[in-house]
Amino acid sequence: MKKLFISAAIVGSMLTLYNCKDAPKTETKILTKEVTFKKEGELELLKAENDSVIAKLDIEIADDDYKTQTGLMYRRSMDENHGMLFIFDNMQMRSFYMKNTEFALDIIYFNSDMEIVSIQKNAQPFNETSLPSESPAQYVLEVNAGLSDRWKLEKGDKIRYTRN
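Residues numbered from 1 in each chain as written. Predicted model: local features only at pLDDT ≥ 70, side-chain atom pairs only at ≥ 80, totals over all residues. Heavy atoms only, no water.

A. Main features of the layout of surface pockets. Each pocket or cavity is described by its volume, and for the largest pocket that value is around 280 Å³. For the lining of the largest pocket, the secondary-structure elements that each account for two or more residues are helix H2 (65-70), strand E3 (82-92) and strand E4 (95-96). Taken together, the residues of the lining of the largest pocket sort by class into seven nonpolar, seven polar and three charged. Lining the second largest pocket we find 13 residues, and of these Glu60, Lys67, Gly71, Arg75 and Met84 sit closest to its centre. Where the lining of the second largest pocket is concerned, the elements lending two or more residues are strand E2 (53-62) and H2. In terms of residue class, the lining of the second largest pocket is made up of six nonpolar, two polar and five charged. (1 Å grid on protein atoms, 1.4 Å probe; cavity = no way out; pocket = protein on both sides within 12 Å on 5 of 7 lines; lining within 4 Å. Points joined across faces, edges and corners; volume = space filled by probe spheres on them. Helix = DSSP H or I, 4+ residues; strand = E, 2+ residues; numbered from the N terminus. Nonpolar A, V, L, I, M, F, W, Y, C, P; charged D, E, K, R; others polar.)

Put into structure tokens, the structure is as follows:
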């Protein structure tokens, strides 16, 4: 009887292992909820020589660790009249990259006086190459690629913004 019980246990174990091994594997998909634009302020780009308005944008503001680290990740696109303004507590060399960003951007760096110090044009989607500022920056504006050329932005041009 003891041999019969042991034999049944071994056969049962083998069948269980066999069934688990041949079970079809299901693919697990990680779904990230698409992030949508939330207007948190308005921004104007100004020509350095005469403060004339170059462009007006509705902006999202990234001013905490989570927002500055996430930025425009997990979005498929952005309207031309939208942008994201990153606001930091101090002025230092900054560097951005395009991890998990699905569309090309121009990344515009501003000093504490809100003057352009450098522009990284046409940053490519999903590229994790570092895109540094040429000088210390306290503000960074991300807009759709090509807009900085269309607006003819130059070092010294400025921004002013308001929060909602």
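B. Geometry of the sheet that holds strand E1 (residues 41-46). Strand order in the open sheet formed by seven strands is E6-E5-E8-E3-E2-E1-E9, with mixed pairing between adjacent strands. Two strands lie at the open edges of the sheet, namely strand E6 (116-123) and strand E9 (158-163), each paired on one side alone. Recorded for the sheet is a direction-independent mean angle of 30° between the axes of neighbouring strands. Sheet topology places E1 next to E9; six bridges connect them, and they run antiparallel. Bridge pairing in E9 links leucine 45 to isoleucine 159. (Pairing = 2+ DSSP bridges. Axes fitted to C-alpha atoms, helices over the stretch in contact; angles between N-to-C directions.)

C. Quick look at the side chain of asparagine 144. Within the secondary structure, asparagine 144 sits in strand E8 (residues 137-144). On the basis of relative accessibility, which here comes to 12%, the residue asparagine 144 falls in the buried class. A distance of 3.3 Å separates a polar side-chain atom of asparagine 144 from the backbone oxygen of aspartate 79. Setting aside its immediate chain neighbours within four residues, asparagine 144 contacts Met78, Asp79, Glu80, Phe103, Ala104, Leu105 and Asp106. (Buried < 20%, exposed > 50% of the residue type's maximum accessible area, 1.4 Å probe, protein only. Polar contact = N/O pair within 3.5 Å; in protein donor to acceptor, adjacent residues only side chain to side chain. Contact = heavy atoms within 4.5 Å.)

D. Quick look at the pattern of salt bridges. Taken as a whole and assessed by the stated rule, the structure comprises 13 salt bridges. Its salt-bridge partner being aspartate 58, residue lysine 39 comes within 3.3 Å of it at the nearest N-O pair. With lysine 39 in the loop between helix H1 (2-22) and E1 and aspartate 58 in strand E2, the pair connects residues that are 19 residues apart, well separated along the chain. A relative accessible area of 35% means that lysine 39 is categorised as partly exposed. Note that aspartate 157 and lysine 47 form a salt bridge whose closest N and O atoms lie 3.0 Å from each other. (Salt bridge = Lys/Arg side-chain N within 4 Å of Asp/Glu carboxyl O.)

E. Quick look at the confidence of the model for the protein. The share of residues in the protein with pLDDT of 70 or more is 79%, and the mean pLDDT across the chain is 88. Here residues 17-23 is a poorly scored stretch, pLDDT under 50, and it has zero contacts once near neighbours within four places are set aside; other chains count. (pLDDT = per-residue confidence, 0-100.)

F. Spatial organisation of the nonpolar core. Leu45 and Leu141 are the most contacted members of the largest nonpolar core, which has 20 residues in total. Elements that contribute at least two residues to this core include exactly E1, E2, E3, strand E5 (105-110), E6 and E8. At four residues, the largest contribution of residues to this core is made by E2. With 17 residues, the next largest nonpolar core counts Phe86, Phe88, Ala123 and Leu131 among its residues. (Core = buried A, V, L, I, M, F, W, Y, C linked by side-chain atoms within 4.5 Å.)

G. Quick look at the pairing of E5. With six of its six residues buried, E5 lies for the most part within the structure. The alternating pattern of E5 places Leu105, Ile107 and Tyr109 and Asp106, Ile108 and Phe110 on opposite faces, both of which are buried. Sheet analysis places E5 next to E6, joined by five bridges and oriented antiparallel. Each bridged residue has a counterpart across the sheet, and for isoleucine 108 the counterpart in E6 is isoleucine 119. If you look at the hairpin formed by E5 and E6, you'll find five residues sitting between the two strands, and methionine 114 has a positive phi there, around 65°. Pairing of E5 with E8 involves six bridges; the strand directions are antiparallel. Paired with tyrosine 109 across the two strands is valine 140, which belongs to E8.

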